[in-house]
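Next come the chains, spelled out residue by residue.
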Amino acid sequence: MKKIALITLVSLFLSCNSSAQKKETKAKASFPVTKTEAEWKAELTEEQYYVLREAGTERPFSSPLNKNYKKGVYHCAACDTPLFKSEHKFDSGTGWPSFDRVIEGNVAFGTDTKIGYTRDEEHCATCGGHLGHVFNDGPKATTGKRHCINGDALKFVPAED
């Protein structure tokens, strides 16, 4: 009887350690521009590194790009890929630069659950840098999307006159 109890106890212990209980590990995506963390740290400011490489978020209303209304294109601050056009920028009142659409093919999307619920995350499709998130509360007259982007992830390139 003791052997049956011991076998049952061991079986129960091992079944609680099944693969369903193990943490899911994300496979790292591959991007056309890849660098070591040391190389990124050397090229980016501390704030840019925090946002782009550690998926951080800058404080709202802290980016000068939030109220930038000049004509031009917003590029990835890490690899210079064009991401958003100024004509698609709007003032969302959230404190971050917001756009109603991306430059197709230059932004990749994923899922973020870090704060307890699921959000659609945006990355630069060239270097994988974290840009921000996209929400369905944008201008109804255009796409209905609000691409809420960290200013530290962007570099503004003015249009040539």
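Residues numbered from 1 in each chain as written. Predicted model: local features only at pLDDT ≥ 70, side-chain atom pairs only at ≥ 80, totals over all residues. Heavy atoms only, no water.

Colleague: So, the overall build of the protein: which residues are in play, and what are the values?
Modeller: Per the secondary structure count, the protein includes three helices and nine strands. Going from N to C terminus, the protein has its helices and strands arranged as α-α-α-β-β-β-β-β-β-β-β-β. Of all 161 residues assigned to the protein, the portion counted as buried reaches 38%. Total accessible area on the protein stands at roughly 10500 Å², and carbon and sulfur atoms take up 56% of it. (Helix = DSSP H or I, 4+ residues; strand = E, 2+ residues; numbered from the N terminus. Buried < 20%, exposed > 50% of the residue type's maximum accessible area, 1.4 Å probe, protein only. Areas by Shrake-Rupley, 256 points an atom, 1.4 Å probe, with all protein chains shown as cover.)

Colleague: Can you explain the nonpolar core? Please cite residues and give values.
Modeller: By size, the foremost hydrophobic cluster in this structure holds 22 residues, and its most contacted members are Leu-52, Leu-83, Phe-84 and Leu-154. Of all elements in the fold, only helix 3 (46-54), strand 1 (72-76), strand 2 (82-85) and strand 9 (154-158) reach the threshold of two or more residues within this core. Top contributing element to this core by residue count: helix 3, with three residues. When neighbours within four sequence positions are excluded, Leu-83 is seen to be in contact with Tyr-74, His-75, Cys-76, Val-102, Ile-103, Asn-106, Val-107, Cys-124, Leu-131 and Leu-154. (Core = buried A, V, L, I, M, F, W, Y, C linked by side-chain atoms within 4.5 Å. Contact = heavy atoms within 4.5 Å.)

Colleague: Any chance you could break down the pattern of salt bridges for me, citing the residues and the numbers?
Modeller: Within this structure, the stated rule accounts for six salt bridges. Two residues, Asp-91 and Lys-67, come together in a salt bridge whose shortest N-O distance is 2.9 Å. Residue Asp-91 is located in the loop between strand 3 (89-90) and strand 4 (98-99), and its partner Lys-67 is located in the loop between helix 3 and strand 1; the two are separated by 24 residues in the primary sequence. Classification of Asp-91 by relative accessible area gives partly exposed; the value is 40%. (Salt bridge = Lys/Arg side-chain N within 4 Å of Asp/Glu carboxyl O.)

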